[in-house]
Amino acid sequence: MATDIKDTVQAVEAAAVLRLLPNRPRLLALGEPTHGEDTLLDLRNDLLRQLVEEEGYRTLAIETDCLASLLVDDHVTSGTGTLDEVMEHGFSHGWGTSAANRELVRWMRTYNDGRPASEQVRFAGFDGPLEITAAASPRQALTALHTYLAARLDADLFPCTADTLDRLLGTDDRWTEPAAMRDPARSVGQSADARELRLLADDLASLLDAQRPHLLAVSSPEEWHRACLHARTAVGLLRYHHWMADTSPARLSRLVGLRDQMMADNLLALAARGPVFVHTHNSHLQREKSSMRMGGKRLEWWSAGALVSARLGEEYAFVATALGTIRHHGVGTPPPDTLEGLLYALPEDACLVDNRRLATVLGETPPVPRVSPWFGYAPLDPAHLADSDGLVFVKDMPSTPS
């Protein structure tokens, strides 16, 4: 068996990944089974360099705030701001402290320096302005959308003024109340002001679409795409806040599903502009239904990857990542009868697995599922091996965090 499995693996290289796929994908997604390990991010960086230099990919999208990430994109394309500034303010989820992410931004800036815009590699966050405990105020997205439209359209087309938006939005801390995640009564999302803002955001987004021919003629492509991003984000945030204030049993499932829906919408918009390399947790990219336990309940929802796959078909490709050990988090050598255990017996520190060939070798009896002793690591479900287009296996994380 070990010999047969060895025949299904090869070096982790971009060209090898693409050879596993029936078509060149518009969205090539690489997952990871845990966050915060620079070893996995270094591997991502290596693949990005190859995809850019050898395969013509020009956009990297990661799980970070889609609005804050505009600071990173401006830096890597035009040198705006310092590296320290964009690492501090251009990333959410604490990703800006990662040495691998810092090296990523440095490389992108160096690669782009002196190149025409059409050859530059772009950076994008595809997550909403959301954290696990709170959601951002819709102010930034709504006011940016209104400002863009007001500079290009007659005032009599507008459903409201900027002053009206400002009055309805109120103070930002009413939107970012951390207690609202646990207590719907603390959320402003179903207040009279929020309900009116949802209607106005919908009207402004509709106006953007209705005036598309004119707006495309009087805007640069980047101005147009950012206006669309602000419209999606404003509508999505107000929908998310509405469900934060909901008291039904569906509340938490709707929230996690809405987040992935916002992710999917952002990915589809990026894919419309050209090939995109995507990196985030496996659970946001997989085709099967996602699930987790939160507040004592099992939640199920369709991930961004599942939603995008349903739209793009073979133009979406998902390569999952599995790993052997994270000893500093109590994740030791995988049992030999698990998928991770079978791969761990191979000599390679990292390898790319041909899922189709591996499934043939394994036959009718899949390996047993691995159980993680640490909540922050999600082993692969061997029953869904065929639902991904390839598998990267990394043997060991460093004995201390990167």
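Below you will find a few notes about this structure. Note that the structure is predicted; figures quoted are calculated from it, not measured.

1. Remarks on empty space enclosed by the protein
- Here the structure, examined in full by the defined rule, presents two cavities of 30 Å³ or more.
- Reported here for the largest cavity is a volume of approximately 60 Å³.
- Around the largest cavity, the lining residues are Ala14, Val17, Leu28, Ala29, Leu30, Leu47, Leu51, Phe277 and Val319.
- Of all the secondary structure elements, the ones that give two or more residues to the lining of the largest cavity are helix 2 (14-19), strand 2 (27-32) and helix 3 (38-55).
- Split by residue class, the lining of the largest cavity holds nine nonpolar, no polar and no charged.
- The volume enclosed by the second largest cavity comes to roughly 40 Å³.
- If you go around the second largest cavity, the residues you meet are Leu30, Gly31, Glu32, Leu40, Leu43, His279, Thr321 and Val392.
- Mapped onto the lining of the second largest cavity, the elements with two or more residues apiece are strand 2 and helix 3.
- Looking at the lining of the second largest cavity, the element that brings in the most residues is strand 2, giving three residues.
- Residues that form the lining of the second largest cavity fall into these classes: four nonpolar, three polar and one charged.

Basis of the calculations
- Residues numbered from 1 in each chain as written.
- Predicted model: local features only at pLDDT ≥ 70, side-chain atom pairs only at ≥ 80, totals over all residues.
- Heavy atoms only, no water.
- 1 Å grid on protein atoms, 1.4 Å probe; cavity = no way out; pocket = protein on both sides within 12 Å on 5 of 7 lines; lining within 4 Å.
- Points joined across faces, edges and corners; volume = space filled by probe spheres on them.
- Helix = DSSP H or I, 4+ residues; strand = E, 2+ residues; numbered from the N terminus.
- Nonpolar A, V, L, I, M, F, W, Y, C, P; charged D, E, K, R; others polar.

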